[in-house]
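# Remarks on the overall topology
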Amino acid sequence: MDISVIGSGYVGTTIATCLPELGHDVTAIDIDEAIVEALNQGRSPIDEPGLDELLAEHAEDRLEATTSYDAVPASDVTFLAIGTPSNDDGSIDLTALEAAAEATGEALADKSERHLVVVKSTVTPTSIEDVIEPAVRRGADGNENVEVGVNPEFLREGSAVADFTHPDKLVFGTNSEWAMDELRAVFEPLLEDHDAHVVETDPQTASMIKYANNAFLAAKISLVNDLGNVCKEFDLDAYEVMDAIGLDDRISEQFLRSGVGWGGSCFPKDVNAIIAAARAEGYDPTLLEAAVDVNDRQPERMLELLADHVDLDGARIAVLGLSFKPRTDDVRNSRAIPTIELLRERGAEIVAYDPVAIERMRERFPGLEYADSAADALEGADGTVVVTDWDEFATLDEEFDAMASPVVVDGRRIIRRRDGIAYEGLTW
Ligand code: NAD
């Protein structure tokens, strides 16, 4: 099939690069010229394992990038993978997605064959009916051949290629059997080769499935963090406790690692968005609100443990890890952000290090001191907090001996060395 993908961020680049693996020809469209240029040169605009190799392979024949929407009508299906960031009240900001939906509609105004526009972006249940579909229709000047469907994305940054090509489930939300057939055709190779579950439903339910999925996972981590904080109060190792409860099939062993909390471009935004959407309908989702509260508290708890050992005012503190999780350069809502802000409030002098995310964090904190290596960050520091579980931190050892005082607060249970340093685990 010929597929156009609008938006070439973390999701758009991944799907535009992986759809050729399913045998499709793809046009990636983004308003950012630098992104388009990178894609056409076979370079990934984002740091994501496996993307560069696939891009180099497909940029030659099956993938083309452009800033123009001209390729949309010639394609069979269009995916919208535009950001849906948070407004101040937690609700989602649909401005960019609405603009892209309208521009897509405009490009399709004269198309005489049926065309499916699929929303990949995460949107609340009423967004399609109230905002996105009307925008497409407005642009398309009422062209009845254009239909809108939903196919939420469940990939995780850091393993995006594997997640997209080997999904646990595919969720298709459409208003017609024709649109459902189109989505089945796009993903047919995945359905044949892998045992992905397919959920076929309406657009509103498909949108809600994505939020329920993320809200459940975020709340699970917050529950584990809450219980982990209780374990720490009793001087118990939360990981020993969680390993045991994970043996219960109803709980499962996944997502039981307690620590400094969840971040990234999805969990915080999505949990806040579904809370705001529920409140707008007159319902307060108490448990989800508590999940956010627990998450907000974890960086503060990490600094309390640090303050037990070091007077933070004027102390030099190394922050290890800036991306929201390992194997990505994405710093959106990383727990490093509140950690740095709280350290600053307490008068600490900060030196930060991350293997790949320094440039992105520099945009957020331009004046901060950044080190070229963990060893450089630790040298002469009065204490350190570990915010991201990058593999390279596991092997840190004699680097701690170069600290002015070797106080290590581990927010991710990644540091192996324990002897000869003041080591504090966040929940162990
Ligand atoms: P992103 O901000 O990385 O990318 C969005 C891209 O859209 C940018 O490159 C931007 O230049 C482009 N863009 C904006 N307006 C445009 C327009 N009018 N026309 C063409 N391009 C335009 O966002 P993302 O992380 O890829 O997320 C996209 C959506 O997918 C969001 O709704 C997000 O919640 C959802 N999602 C993200 C992830 C993830 O891990 N990042 C996972 C699942 C779902």
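The structure we're discussing is the one just above.
Everything quoted here is computed from the prediction, not taken from an experiment. (Residues numbered from 1 in each chain as written. Predicted model: local features only at pLDDT ≥ 70, side-chain atom pairs only at ≥ 80, totals over all residues. Heavy atoms only, no water.)

Here the focus is unusual backbone geometry. Backbone geometry follows two general trends: most residues other than glycine have a negative phi, and most peptide bonds adopt the trans configuration. Residues other than glycine seldom take positive phi values, yet S252 does so here, at roughly 70 degrees. Even without being glycine, R327 reaches a positive phi, approximately 65 degrees. With respect to the helices and strands, the residue R327 is situated in the loop between β9 (316–320) and α12 (336–345). According to the relative accessible area criterion, R327 is partly exposed, its value standing at 43%. (Helix = DSSP H or I, 4+ residues; strand = E, 2+ residues; numbered from the N terminus. Buried < 20%, exposed > 50% of the residue type's maximum accessible area, 1.4 Å probe, protein only.)

In this section: the layout of surface pockets. Empty space within the second largest pocket amounts to approximately 360 Å³. The element best represented in the lining of the second largest pocket is helix α8 (residues 203–233), accounting for 8 residues. For the lining of the second largest pocket, the per-class residue count stands at 13 nonpolar, 1 polar and 2 charged. (1 Å grid on protein atoms, 1.4 Å probe; cavity = no way out; pocket = protein on both sides within 12 Å on 5 of 7 lines; lining within 4 Å. Points joined across faces, edges and corners; volume = space filled by probe spheres on them. Nonpolar A, V, L, I, M, F, W, Y, C, P; charged D, E, K, R; others polar.)

Let us look at the packing of α8 against helix α11 (residues 286–307). Close contact between α8 and α11 brings their axes to 9 Å; oriented N to C, the two are set at 40 degrees. In terms of orientation, α8 lies oblique with respect to α11. Like other packed secondary-structure pairs, α8 and α11 cross with a definite hand, here left-handed. On the side of α8, the interface is formed by A215, A219, S222, N225, D226, N229, K232 and E233, while α11 contributes L288, A291, V294, N295, R297, Q298, R301 and L305. (Axes fitted to C-alpha atoms, helices over the stretch in contact; angles between N-to-C directions. Parallel < 35°, antiparallel > 145°, perpendicular 65-115°, else oblique. Left-handed = near helix turned anticlockwise from the far one by under 90°. Contact = heavy atoms within 4.5 Å.)

What follows covers the pairing of strand β6 (residues 146–150). By the criterion of burial, β6 is predominantly enclosed, with 5 of the 5 residues buried. Both faces of β6 are covered, namely the face carrying V146, V148 and V150 and the face carrying E147 and G149. In terms of strand pairing, strand β5 (residues 115–119) meets β6 through 5 bridges, oriented parallel. If you follow V118 over to β6, its bridge partner there is G149. (Pairing = 2+ DSSP bridges.)

One finds L306, V319, L320, L322, L343, F393 and I415 to be the most contacted residues of the largest nonpolar core, which totals 54 residues. If you list the elements that add at least two residues to this core, you get α11, β9, α12, β10 (349–353), α13 (358–364), α14 (374–378), β12 (383–386) and β13 (407–410). If you tally residues by element for this core, the top one is α12, at 5 residues. If near-sequence neighbours (up to four positions away) are discounted, L322 is found in contact with V331, S334, A336, I340, A352, Y353, D354, A357, I358, M361, Y370 and T388. By size, the runner-up hydrophobic cluster in this structure holds 40 residues, among which are V146, A218, A219 and L288. (Core = buried A, V, L, I, M, F, W, Y, C linked by side-chain atoms within 4.5 Å.)

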